[in-house]
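# Overview (structure and organization)
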Amino acid sequence: MSRRSFTITAVLMVLVPLLTAIAGRGALAQDATPGASPMASPGASPMASPAALEPDPSISGTIDVGMVGNPQMVALQGLLPEFNRLYPNVTVNMTVLPENEIRQTITQDITNQSGQFDVVTIGPFEVPLWAEQGWLEEVGEEAAADPNYAFDDIFPSMLAGLTYEEGVYALPFYGESGMTFYRKDLFEAAGLEMPERPTWDQIAEFGAALHDPDNGVYGVCLRGLPGWGEQAAIVTTMINAFGGRWYDEDFNAQLEDEDSAAAIRFYVDTLRQYGPPGVEQNGFTETETLFVQGRCAQWYDATSAAELITSPQENPEYADQVGFAFSPSKKLPTGNWLWSWNFAMASNSDAKDAGTAFMKWATSRNYIQTVVAEEGGWGRAPTGSRASVYQDPSYLAIASGFADIVIDSINEANPNEPTEEPVPYTGGQFVRIPEFTSLGNDASQEWAAALVGDQSVDDAISAANELANQVAIDAGYQE
Amino acid sequence: MAVATTARPVVRQPARFAIRRRGANKEQASALWTVVAWGVGLLAFFPVLYMFLTAFKTETAAVSLPPRLIFQPTLEQFRTVLSGDFLPFFRNSAIASLVSTALVMLLAVPAAYALALRPPKKWKDILFFFISTRFMPAAGVIVPLYIIFREAGLLGTMRGLIILYTAMNLPIAIWMLRSFFEEVPKDVLDAAEVDGANVMRLMTEILLPMIAPGIAATIFISIIFAWNEFFFAVSLAAAGTATVPIFMVKFVTSEGLFWAKLAASSTLAVLPIVLLGWVAQRQLVRGLSMGAVK
């Protein structure tokens, strides 16, 4: 008996302080609700000046926001008190999940018109498709009418992916194109020089020269993890650059076409020869981890990686050894990679004014100022969507090595005409048809099977071509 | 372990020798099994230990190769994780797990009692029907479930989550409890009936105290399943009544390092269950070693 009561007392001694601590934290977190602790307004900001926003109590309502859990969004979550200072009568409930889960949750919600979310983060893949279905609210008009929002500051190429029949159906939070990262120290030691605009053949040559698996350094790192947003994104931009395409104008699959097949073969062969082991397990994060560990001589991926791998916190050992170059070219100068995370509003939202206020705030220049001021740096500030960021001296101070390449890559990318020969679809690193999510997943499974040697590259190309044809037939695109 | 050698009566020399040798062999075998059990135990525990250690690392230390077991610990990840809104997630998980488990027990105890001690006709079919509701993978039912939830206004509500977890755990609870009830000697029941105890009295004063460890184990398993459930929660309740597993994964990002933060949030997520298990361990061991779930 006494032993049991001792045990209970001991457990209580552990539990009570823990729960009190958690409850204390909770109370702090709940301060984020309207009316609570206004935050200091963003003080001196280096950026060319949007007018300071005045509180607007006339807008009220409760909005449910579904967001992908990337660092920029997590920072935004932390700045909700600033939003509530400006809009004291708007309550924001956030749901933050990893990319796959939030995609599934948002897609279920919007396509079923369930009305759980008022505002969601989606990509340019979904925006025109969902706008066509009438599931999204047009938001460009109101944003353009607000001079302080500086709608013209947003990169036109970003807006192009968010447009359907003249209407803009989402506001970009941050954006990216593709670029090449490399290790300057390794290149120097080997007496090599990375041109500013490399070709894919040069990437393979450098890979061969720098591949040193005995010392844990691999010549070329690329995403290999199957998935339409992972491996298929990389391969699709490579197909574009090589002069290939997924479909011809009549929606006949073209992956077995000479240029497309050459791109896929190059991808598989290069990674098999100069890639890291287990590359079929590597998505963006895993590849970034390899790069930070000093294991990649070269890496072609999203421009948004630049800020991560040059940050001494994220990359303590090699941050100052990172070199930058444009996306590798072949027949086309670029693979036309263009992606953005955007805020869009469900057309069945019952708090549209509050939703619009939130979206405009989150994608405004004022927000960028706030996050930089609050966090004391650009680490989690949204970039790649507004030109003014690339004129900001404080940003250029940390991004001088890559800012020009990023801005040029974004401006040069043309996902509305992504290929050398004409295609019936749009999209740079994806094919904008609703079926591409499963087609991209399935085709990249075939290519991953070739990466691990379970089937030959030619078999993988044929299998993917077959899948693409079947999708076009089943969906009624092909006569 | 050593009891076998001393308790036997010893008569003749050769037999004694044989017994001693058998005993020595047994001791050796048992020592070997102890080592194997420890090995398997440590192997099974290692991921949890590694998670716990990773929670105290910086993000770059968490991904460094080879992994470091000795490092400068930091509370940075716990600070980041707790600077979010952990409490609402914790509250949602606690309510969903505890209320659904209470409902499960309320329904499962009478059902298991009837199936074990007063079996109706075709009781085997009934038992099979209960468990058959668990045959289909969750992904197979998610679309109809989603539509039903939407039409019934249960999306993102605590009611929906409680109904779901009750239905999810009920079959397992009935199966477990039935096997505990079956272990009660018939004579005890007969004696109680002869003494004129009605069903209520029989249940509260005789049966339930006898199978208390089994009930504890069933409650514990029901709470664990509900606490850990992710798929239904993320699909049907992420907006509105998100639970601890959803809090946990929000640190997974496709951009940037997150292992240490994920380890810290996972440590927080498993802590209540570990504490609960620790408190109830004696009951649990007895409960899990009786009945059908040996």
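Residues numbered from 1 in each chain as written. Chains lettered and ligands numbered in written order. Predicted model: local features only at pLDDT ≥ 70, side-chain atom pairs only at ≥ 80, totals over all residues. Heavy atoms only, no water.

### Overview of a nonpolar patch on the surface
Residues and elements named next belong to chain B. Nonpolar side chains collect at one region of the surface, where Phe45, Phe46, Val48, Leu49, Leu69 and Ile70 lie side by side and expose about 590 Å² of accessible area between them. With respect to the helices and strands, Val48 occurs in helix 2 (residues 13–54). On the basis of relative accessible area, Val48 is assigned to the partly exposed category, the value being 40%. (Patch = residues over 30% accessible without salt bridge, like charges linked within 9 Å, V, L, I, M, F, W, Y side chains within 5 Å. Areas by Shrake-Rupley, 256 points an atom, 1.4 Å probe, with all protein chains shown as cover. Salt bridge = Lys/Arg side-chain N within 4 Å of Asp/Glu carboxyl O. Helix = DSSP H or I, 4+ residues; strand = E, 2+ residues; numbered from the N terminus. Buried < 20%, exposed > 50% of the residue type's maximum accessible area, 1.4 Å probe, protein only.)

### Some remarks on the sheet that holds strand 1 (residues 61–68) of chain A
Residues and elements named next belong to chain A. Pairing within the open sheet is mixed, and its five strands lie in the order 2-1-3-10-6. Two strands lie at the open edges of the sheet, namely strand 2 (90–97) and strand 6 (171–176), each paired on one side alone. With strand direction ignored, the average angle separating the axes of adjacent strands in the sheet is 15 degrees. Where strand 6 meets strand 10 (residues 339–345), five bridges bridge the pair, whose relative direction is antiparallel. For Pro172, the partnering residue across the bridge sits in strand 10 and is Asn342. (Pairing = 2+ DSSP bridges. Axes fitted to C-alpha atoms, helices over the stretch in contact; angles between N-to-C directions.)

### Focus on the interface of chain A and chain B
Contacts between the two partners involve 45 residues from chain A, matched on the other side by 37 residues from chain B. Here chain A packs against chain B, burying approximately 3600 Å² in sum over the two surfaces, 61% of which is carbon and sulfur. Put simply, chain A and chain B have zero salt bridges between them. Taken together, chain A and chain B are joined by seven residue pairs in polar contact (both at pLDDT 80 or more). For the side of chain A that touches chain B, the secondary-structure elements that each account for two or more residues are helix 1 (2–30), helix 2 (71–78), strand 2, helix 4 (99–111), strand 6 and helix 12 (284–292) of chain A. Tallied by class, residues from the side of chain A that touches chain B come to 18 nonpolar, 19 polar and eight charged. (Contact = heavy atoms within 4.5 Å. Buried area = accessible area lost by both parts, 1.4 Å probe. Polar contact = N/O pair within 3.5 Å; in protein donor to acceptor, adjacent residues only side chain to side chain. Nonpolar A, V, L, I, M, F, W, Y, C, P; charged D, E, K, R; others polar.)

### Observations regarding the packing of helix 2 of chain A against helix 15 (residues 365–375) of chain A
Residue and element names in this part refer to chain A. Direction vectors running N to C along helix 2 and helix 15 enclose 85 degrees, while the axes themselves pass 11 Å from each other. Taken together, the axes of helix 2 and helix 15 lie roughly perpendicular to each other. Across the interface between the two elements, Gln72, Ala75 and Leu76 from helix 2 touch Tyr367, Val371 and Glu375 from helix 15. (Parallel < 35°, antiparallel > 145°, perpendicular 65-115°, else oblique.)

### A few points about the state of the cysteines
Residue and element names in this part refer to chain A. For the coordinates displayed, the defined rule picks out one disulfide over all chains. There is a disulfide in this structure between Cys221 and Cys296, and the S-S distance comes to 2.1 Å. Here the S-S torsion is close to -85 degrees, and the disulfide linking Cys221 with Cys296 is therefore left-handed. Of this pair, Cys221 sits in the loop between helix 9 (200–210) and helix 10 (231–241) while Cys296 sits in the loop between helix 12 and strand 8 (298–302), placing them 75 residues apart in sequence. (Disulfide = S-S within 2.5 Å.)

### Thoughts on the side chain of Gln77 of chain A
Along the polypeptide, Gln77 of chain A turns up in helix 2. Gln77 of chain A gets classed as buried once you look at its relative accessible area, which sits at 17%. Beyond its immediate sequence surroundings of up to four residues, Gln77 of chain A is in contact with Met94 and Val96 of chain A together with Asp85 and Lys250 of chain B.

### Some thoughts on the UniProt feature "transmembrane region" (unreviewed entry) in chain B
UniProt records the feature "transmembrane region" (unreviewed entry) at residues 30–53, 94–115, 127–149, 161–181, 202–224, 230–251 and 258–280 of chain B, using the numbering of this structure. Across residues 161–181 of chain B, helical content stands at 100% and strand content at 0%; the span's end C-alpha atoms are separated by 29 Å. (UniProt positions renumbered as here; feature names shortened; annotations may be inferred.)

### Topic: the packing of aromatic side chains
Residue and element names in this part refer to chain A. All chains considered together, the criterion is met by 49 aromatic pairs over all chains. These aromatic residues form a ring-pair network of at least three members: Phe83, Tyr87, Phe173, Tyr174, Phe343, Phe358, Trp361 and Tyr367. The ring of Tyr318 has Arg183 sitting right over it, with the charged end atom 4.1 Å from the ring centre. (Phe/Tyr/Trp six-rings, centres within 6.5 Å; stacked < 30°, edge-to-face > 60°. Lys NZ or Arg CZ within 6 Å of the ring centre and 35° of its normal.)

### A few points about the domain arrangement of chain B
All names here are of chain B. For chain B, the domain assignment lists domain 1 (3–76) and domain 2 (80–289). When each unit is reduced to the centre of its C-alpha atoms, the spacing between domain 1 and domain 2 is 31 Å. Contacts between the two partners involve 11 residues from domain 1, matched on the other side by 11 residues from domain 2. Between domain 1 and domain 2, the buried area comes to about 890 Å², and carbon and sulfur atoms account for 70% of it. Summed over the shared surface of domain 1 and domain 2, the result is one salt bridge. The salt bridge partner of Glu59 is Lys261, with a shortest N-O separation of 3.1 Å. Counting across the domain 1 and domain 2 interface gives five residue pairs in polar contact (both at pLDDT 80 or more). Looking at the side of domain 1 that touches domain 2, the element that brings in the most residues is helix 3 (residues 59–63), giving four residues. The residue inventory of the side of domain 1 that touches domain 2, partitioned by class, reads five nonpolar, three polar and three charged. (Domains from an automatic or database assignment.)

### Structural notes on the nonpolar core
Proteins that are soluble and globular tend to have nonpolar side chains buried together. Leu76, Phe181, Trp246, Tyr247, Phe343 and Phe358 of chain A together with Phe181 of chain B are the most contacted members of the largest nonpolar core, which totals 220 residues. Beyond its immediate stretch of four places on either side in the chain, Phe181 of chain B contacts Val109, Ala112, Tyr113, Ala116, Leu117, Met203, Leu207, Leu208 and Ile211 of chain B. (Core = buried A, V, L, I, M, F, W, Y, C linked by side-chain atoms within 4.5 Å.)

### Digging into the UniProt feature "domain: ABC transmembrane type-1" (unreviewed entry) in chain B
UniProt's entry tags residues 90–280 of chain B with the feature "domain: ABC transmembrane type-1" (unreviewed entry), counted in the numbering of this structure. In residues 90–280 of chain B, the share of helix is 77% and the share of strand is 0%. The end C-alpha atoms are 21 Å apart.

### What to know about the sheet that holds strand 8 of chain A
Residue and element names in this part refer to chain A. Strand order in the open sheet formed by three strands is 8-7-9, and the pairing between neighbours is antiparallel. Every interior strand has two partners, whereas the edge strands, strand 8 and strand 9 (322–326), have only one. Ignoring strand direction, the axes of neighbouring strands in this sheet form an average angle of 30 degrees. By the bridge criterion, five bridges tie strand 7 (residues 178–183) to strand 9 in an arrangement that is antiparallel. Counterpart to Thr180 in the pairing with strand 9 is Ala325. Its contacts with the sheet place helix 17 (residues 403–412) against strand 7 and strand 9, and it is angled at close to 25 degrees to strand 9.

### Looking at the domain arrangement of chain A
All names here are of chain A. With domains assigned, chain A is organised as domain 1 (61–176 + 338–398) and domain 2 (178–336 + 416–474). Each of domain 1 and domain 2 has a C-alpha centre, and these two points are 28 Å apart. In this assembly, 13 residues from domain 1 lie in contact with 15 residues from domain 2. Carbon and sulfur atoms make up 58% of the area that domain 1 and domain 2 hide from each other, which totals about 1300 Å². For the interface between domain 1 and domain 2, the tally reads zero salt bridges. Our enumeration of links across domain 1 and domain 2 arrives at six residue pairs in polar contact (both at pLDDT 80 or more). Class assignment for the residues of the side of domain 1 that touches domain 2 results in eight nonpolar, three polar and two charged.

### Focus: the pattern of salt bridges
Residues and elements named next belong to chain A. With the rule as written, the count across this model stands at 20 salt bridges over all chains. A salt bridge links Asp146 to Lys360; its shortest N-O distance comes to 3.1 Å. Taken together, the residues span a long stretch of sequence, with Asp146 in the loop between helix 6 (140–145) and helix 7 (156–160) and Lys360 in helix 14 (residues 352–362) at a distance of 214 residues. Among the residues examined, Asp146 registers a relative accessible area of 24% and is labelled partly exposed. Looking at Lys360, the relative accessible area reads 16%, which means it is buried. Between Arg265 and Asp458 there is a salt bridge, with its nearest N and O atoms 2.9 Å apart. A residue pair is termed long-range when its members are at least 10 positions apart, and Arg265 in helix 11 (residues 258–274) and Asp458 in helix 19 (residues 457–474) qualify at 193 residues. The class for Arg265 is partly exposed, based on a relative accessible area of 33%. The structure contains a network of salt bridges with shared partners spanning Glu99, Arg103 and Glu126.

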